[in-house]
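Summary of the model geometry
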Amino acid sequence: MFTAQAATTWLTKFGDAIATNKAYLSDLDTPIGDGDHGNNMARGMTAVQAALATQTDADLTTVFKTVAMALISKVGGASGPLYGTAFLEMAKASKAGTTDLPTLLAAALAGIEKRGGAQAGDKTMLDVWVPVVAAVQADKLDATLIATAVDSTKPMIAKKGRASYLGERAIGHLDPGAVSSGYLFTALLETEAQA
Amino acid sequence: MFTAQAATTWLTKFGDAIATNKAYLSDLDTPIGDGDHGNNMARGMTAVQAALATQTDADLTTVFKTVAMALISKVGGASGPLYGTAFLEMAKASKAGTTDLPTLLAAALAGIEKRGGAQAGDKTMLDVWVPVVAAVQADKLDATLIATAVDSTKPMIAKKGRASYLGERAIGHLDPGAVSSGYLFTALLETEAQA
Amino acid sequence: MKKIINAPQDVVPEMVDGLVRAYPQYLKQVPDTLAMVRSDTASMVGKVGIVSGGGSGHEPAHAGFVGQGMLSAAVAGQVFTSPTPDQIYAAIKAVDQGQGVFLVVKNYSGDVMNFDMAKDMAEMDDIEVQSIVVDDDIAVKDSLYTQGRRGVAGTVLMHKVLGAAADQGASLDELSQLAQAVLPHLNTVAVALSAATVPEVGKPGFELADDEIEYGVGIHSEPGYRREKIKPSKALVTELLAKIDERLHLDASHQYAVLVNGMGATPLMEQYIFSHDLLDALAEKGIKPAFMKVGNYMTSIEMAGISLTIFELTDAKWLDYLTYPVKTIAW
Amino acid sequence: MKKIINAPQDVVPEMVDGLVRAYPQYLKQVPDTLAMVRSDTASMVGKVGIVSGGGSGHEPAHAGFVGQGMLSAAVAGQVFTSPTPDQIYAAIKAVDQGQGVFLVVKNYSGDVMNFDMAKDMAEMDDIEVQSIVVDDDIAVKDSLYTQGRRGVAGTVLMHKVLGAAADQGASLDELSQLAQAVLPHLNTVAVALSAATVPEVGKPGFELADDEIEYGVGIHSEPGYRREKIKPSKALVTELLAKIDERLHLDASHQYAVLVNGMGATPLMEQYIFSHDLLDALAEKGIKPAFMKVGNYMTSIEMAGISLTIFELTDAKWLDYLTYPVKTIAW
Ligand SMILES: Nc1ncnc2c1ncn2[C@@H]1O[C@H](COP(=O)(O)OP(=O)(O)O)[C@@H](O)[C@H]1O
Ligand SMILES: Nc1ncnc2c1ncn2[C@@H]1O[C@H](COP(=O)(O)OP(=O)(O)O)[C@@H](O)[C@H]1O
Ligand SMILES: [Mg+2]
Ligand SMILES: [Mg+2]
Ligand SMILES: [Mg+2]
Ligand SMILES: [Mg+2]
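Residues numbered from 1 in each chain as written. Chains lettered and ligands numbered in written order. Predicted model: local features only at pLDDT ≥ 70, side-chain atom pairs only at ≥ 80, totals over all residues. Heavy atoms only, no water.

An unreviewed UniProt entry lists chain C under the name Dihydroxyacetone kinase subunit DhaK [Lactobacillus pentosus], with Lactiplantibacillus mudanjiangensis given as the organism.

Next comes the structure, spelled out in structure tokens:
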């Protein structure tokens with residue numbers, strides 16, 4: 001059972017990772033995007049952390065919904081609606097009664113796929129989400145799997161997002177949304193390890 | 001007696017000096033003006049040389065008027081009307097019957113003073129014209145006198161032209177119009193020496 | 001980075017505030033948002049609203065085109081970042097007159113998704129919303145397997161055409177048909193001399209050497225299709241026009257509208273010289289534009305460069321829409 | 001120097017050609033000159049003509065302000081170099097309707113002398129000509145013993161006021177009185193982040209370090225009154241406003257028009273932020289401008305920076321003139 005408290009810990013850790021790596025994420029977004037992914041995510045996660053701080057007794061659904069709303073209304077760009085939708089779908093699933101992490105994450109993944117119309121192999125955050133969610137279902141998520149998934153975006157040609165304008169020139173660059181998603185799941189691993 | 005041929009030689013030599021020193025004159029105009037004096041004068045003297053080339057049999061008045069019109073219509077800026085007026089006044093004086101160089105130059109000088117409202121000491125071309133014309137009257141123009149007159153503008157504060165916006169910061173810079181006027185009178189000296 | 005700003009994170013709210021306070025006769029801000037709606041509400045009554053927007057940094061787009069005969073509202077995102085759905089939704093609500101609202105979106109993942117979410121929100125409120133996703137940048141290959149072409153300066157001509165039609169009472173469906181009809185005829189391609197610096201990033205999106213240019217760049221420092229040594233204006237015109245011609249097949253018997261668009265730091269002097277060379281090159285093909293505009297319309301902060309948009313006027317009415325009078329800050 | 005041009009010496013004729021061909025509905029070129037007159041000749045009938053001009057490099061000034069309600073003609077000199085008398089005279093002749101012609105001249109030795117010579121020529125042709133020499137740049141000390149203050153962005157407001165009055169039928173004498181009355185109330189001061197490069201010169205008029213700015217620069221890279229480290233927009237506003245206040249003594253009971261003018265390479269983003277800070281600073285003094293405009297009106301090629309003009313409206317009619325409708329490319 002995934003609790004509101006675990007969710008809060010998870011998102012706090014994720015926010016810290018984003019804050020620490022803000023410049024790095026924007027740097028990754030420079031050669032194959034528009035150089036703002038770190039700023040976008042940092043703006044969103046600052047809002048998430050502020051919103052969560054005011055909601056100490058919230059249930060899981062409320063936590064997810066708060067996160068979703070903060071991301072949707074503060075991030076903008078491509079990552080805002082995608083991360084926002086992911087948490088909105090988790091809020092919906094938890095409201096429908098689930099507290100099972102694999103089920104929650106599967107709902108989040110489906111939301112991202114639907115919102116963005118991308119699939120694994122398109123050099124987006126989905127190249128992390130797809131293998132990670134599969135691993136969570138099989139209960140074998142670990143740091144190596146996350147790192148491998150993130151690195152897998154490096155040789156890819158992008159089919160969605162700004163990097164798709166580059167054709168072959170995107171090869172050799174990590175996808176910034178995949179890297180930030182890597183932080184998300186690393187934070188989740190650390191949260192689970194503490195529990 | 002100053003002849004049309006002498007005038008043509010004079011202006012050809014002056015045009016050559018301007019062409020050679022175009023970049024230098026614009027450089028002089030950069031710290032205390034707008035960096036275009038060389039370009040302005042070169043544009044004008046190219047037009048003068050082209051116009052003179054089509055007028056092989058012209059009399060003195062026609063030569064001066066041709067020069068005046070070319071300068072007035074091609075130079076613009078401050079130097080165009082000033083040099084243009086100088087030659088227009090010489091054309092008028094020669095039309096009235098003078099071929100005496102000191103008288104011609106005195107008319108030119110009066111024209112510049114009237115058109116620009118400046119006087120010696122204002123760090124303009126007049127700081128060359130005034131002593132040179134006086135020297136011509138006294139028949140003692142030489143290269144040293146010209147050089148001294150040009151150099152005299154260096155320590156001055158400007159009271160007319162763009163350099164006047166600088167106040168004390170104009171000190172230490174030669175006035176570009178004084179330098180180009182120096183070329184004019186050096187060309188005259190050379191012309192007289194040949195005659 | 002040397003800019004006339006305060007804290008980089010305050011750039012957008014301060015900019016929007018400065019704009020609406022400088023031009024209260026044109027714009028008012030929807031409270032607590034970065035959405036700006038037409039002050040002249042009387043001119044909107046009974047008409048379909050037209051809302052556009054996107055990341056900031058493209059000024060005068062989009063707020064400069066808000067006014068009678070053009071947009072009803074514009075939404076400003078963070079610099080080079082799509083606005084969020086709640087903001088877009090606030091603009092939709094502010095302009096809806098019961099006739100529905102039409103959204104003009106540029107084809108970027110972020111913009112498409114955020115405007116889509118706003119549409120969902122509006123529909124839950126029973127506001128009918130339709131939209132067009134503008135993708136006029138022919139520098140990028142269109143393909144089913146990619147994000148497709150980007151939306152750039154041609155978007156401003158889309159605003160103009162739709163705004164004129166809406167002001168003359170076109171319905172939401174009619175506007176949608178008009179937008180679909182216009183879209184394939186908008187063709188833009190750009191050349192950059194230098195990149196923009198996003199204030200929060202602090203350094204340019206790409207680096208060009210002192211004698212280098214890049215063809216095909218986007219309006220967010222997206223890379224283009226070729227980098228080479230700077231050439232005379234005439235040669236730049238040849239390159240960009242050939243690129244457009246590949247797709248458009250310029251033809252003396254057709255009518256065209258032309259937009260020469262400065263990217264932000266390029267002075268009008270250069271834009272007019274480019275226009276001179278362009279008009280010469282078109283004249284060689286027997287073409288004289290039926291409509292032309294030159295200036296900074298869809299910029300990329302302080303990027304230096306020019307984009308060229310050629311809009312084939314396959315319907316005679318479109319020219320009337322382009323010349324239809326407007327009351328805006330920047331058209 | 002990286003510019004979209006062809007040969008540097010062709011910059012002005014090519015620019016003028018591009019401009020008049022792009023905008024034939026506004027401008028036509030006087031044959032064999034770089035003078036541009038209003039295409040809409042009907043709007044000039046029976047009215048005093050207004051002619052302005054100066055060196056090129058200040059686009060959209062001056063041709064961008066030619067049109068009904070504003071200028072009758074504009075004359076383009078070489079870059080940063082006054083036009084020649086024959087060209088100015090050609091413009092005077094082209095616009096004269098028997099009611100005389102009024103010249104708006106900026107206070108530079110060259111401009112004053114060339115326009116004076118043109119006036120002499122016109123008078124020989126029995127065209128009555130009067131003129132005003134605009135000297136709104138308060139960064140320079142005025143003194144009987146110097147050239148006096150420079151003419152800068154405030155000139156555009158002078159065009160607007162005189163153009164509106166002329167369109168309403170003011171006589172040559174009335175325009176002259178109006179110009180004299182307006183002049184002392186125009187106050188401009190600028191801050192530069194970088195200098196312009198004259199194409200034929202090939203290098204910037206001055207060098208500023210990556211973190212330096214200069215207050216009080218002119219529109220031809222004339223040096224200003226102080227150089228220092230870049231400051232936030234708010235601090236720049238404080239400096240420029242204090243400078244203007246010294247002369248103008250801003251007062252909540254008076255009315256003001258404000259022009260925030262971009263120098264060429266400064267994006268609207270920065271101009272709007274500066275406007276935000278300016279409006280805040282004015283509000284602290286209890287002042288809300290009666291009229292405001294923000295944008296590139298009197299540029300200095302690709303110089304980065306902003307000038308601030310504050311025009312005290314001591315006569316209520318002046319506000320009407322400022323808001324009077326015009327048909328121009330750039331107002
Ligand atoms: N259609 C999509 N589906 C999934 N992920 C996407 C899509 N488009 C973009 N992304 C992700 O978004 C990231 C970029 O986010 P960000 O830089 O914040 O937004 P923007 O591209 O609008 O500037 C990319 O690295 C990619 O992982
Ligand atoms: N009022 C004046 N009287 C005499 N000479 C002047 C006056 N104003 C300017 N000058 C001369 O003109 C020169 C500058 O000419 P130029 O650079 O061609 O014109 P501009 O200043 O219009 O760019 C100055 O160096 C000075 O010698
Ligand atoms: Mg990005
Ligand atoms: Mg000069
Ligand atoms: Mg972005
Ligand atoms: Mg000059």
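Structural notes on helix α5 (residues 79-95) of chain A
Residues and elements named next belong to chain A. This is how it is decided: Put simply, DSSP marks the helices as runs of H or I at least four residues long and the strands as runs of E at least two long, and each gets a number from the N terminus on. Any helix carries an expected span of 1.5 Å times its number of residues minus one. With a 1.4 Å probe rolled over the protein chains alone, any residue whose accessible area is under 20% of its type maximum counts as buried; one over 50% counts as exposed, and the rest are partly exposed.
In this model, α5 (17 residues) spans 24 Å end to end at C-alpha, consistent with the 24 Å of a helix rising 1.5 Å per residue. Within α5, 13 of the 17 residues are buried, which leaves the element mostly enclosed by the surrounding structure. Among the residues trailing α5, G97 stands out with phi positive, at a value near 115 degrees.

With respect to the site of ligand 1
All names here are of chain A. Going by this rule: Near residues are defined by distance, with any heavy atom within 4 Å of the molecule or strand qualifying the residue. Pairs of N or O atoms are called polar contacts if they sit within 3.5 Å, as long as, within protein, a hydrogen donor faces a hydrogen acceptor (for residues adjacent in sequence, only side-chain-to-side-chain pairs). Following the grouping adopted for this structure description, the nonpolar residues are Ala, Val, Leu, Ile, Met, Phe, Trp, Tyr, Cys and Pro, the charged ones are Asp, Glu, Lys and Arg, and the polar ones are all others, Gly among them.
Around ligand 1, the structure places 21 residues, and the nearest of them are H37, N40, A78, S79 and D175. Contact between ligand 1 and D34: an oxygen atom at 2.9 Å from a side-chain N or O atom of the residue. A distance of 2.9 Å is found between an oxygen atom of ligand 1 and a side-chain nitrogen or oxygen belonging to D36. Mapped by element, the contributors of at least two residues to the shell around ligand 1 are α3 (37-53), α5 and α9 (176-194). The element best represented in the shell around ligand 1 is α9, accounting for three residues. Per-class residue counts for the shell around ligand 1 are six nonpolar, nine polar and six charged.

As for the coordination of the magnesium ion (ligand 3)
Residue and element names in this part refer to chain A. Which entries qualify depends on this criterion: A donor here means an N, O or S atom no more than 2.8 Å from the metal, or no more than 3.2 Å when the metal is Na, K or Ca. Since water is not included, a site may seem to lack partners.
The protein atoms donating to the magnesium ion (ligand 3) are D29 (OD), D34 (OD) and D36 (OD), with metal-donor distances spanning 2.0 to 2.2 Å. Here the donor residues of the magnesium ion (ligand 3) are spaced in sequence according to D-x4-D-x1-D. Between the magnesium ion (ligand 3) and the magnesium ion (ligand 5) the interatomic distance amounts to 3.5 Å, and D34 serves as a bridging ligand to the pair. Neither residue differs from the other here; D34 and D36 are each classed as buried.

A look at the sheet that holds strand β6 (residues 129-134) of chain D
Residue and element names in this part refer to chain D. Put simply, the rule is: At least two DSSP bridges between two strands are required for those strands to pair. To obtain each axis, a line is fitted to C-alpha atoms, and for helices this fit is confined to the stretch in contact; angles are then taken between N-to-C directions over 0 to 180 degrees.
Strand order in this open sheet of six strands is β1-β2-β4-β3-β5-β6, and the pairing throughout is mixed. Each edge of the open sheet carries a strand with a single partner, namely β1 (27-29) and β6. For this sheet, the mean inter-axis angle between neighbouring strands, taken without regard to orientation, is 25 degrees. Here strand β3 (residues 49-56) runs beside strand β5 (residues 101-106); their pairing, made up of four bridges, is parallel. When the bridges of β5 are listed, S52 appears paired with V104.

As for the interface of chain B and chain D
For clarity, the cut-off: Contact definition: two residues touch when any of their heavy atoms are within 4.5 Å. Buried area, as used here, totals the accessible surface that two parts lose on assembly, with accessibility defined by a 1.4 Å probe and the loss added over both. Basic side-chain nitrogens of Lys or Arg form a salt bridge, by our definition, when they fall within 4 Å of a carboxyl oxygen of Asp or Glu.
Each partner contributes to the interface: chain B provides 31 residues, whereas chain D provides 35 residues. Buried surface at the junction of chain B and chain D, summed over both partners, amounts to about 2400 Å²; 54% is from carbon and sulfur atoms. On the chain B side of the contact with chain D, R115, R162 and Y165 of chain B bury the most area, a combined 27% of that side's loss. Counting the contacts that link chain B with chain D gives three salt bridges. Here R115 of chain B and D120 of chain D are joined by a salt bridge, their closest N and O atoms 3.7 Å apart. Contributing elements (two or more residues each) for the side of chain B that touches chain D: α1 (4-32), α2 (37-53), α3 (60-74), α4 (79-95) and α5 (101-116) of chain B. Among the elements that line the side of chain B that touches chain D, the one with the most residues is α1 of chain B, at four residues. For the side of chain B that touches chain D, the residue count by class is eight nonpolar, 12 polar and 11 charged.

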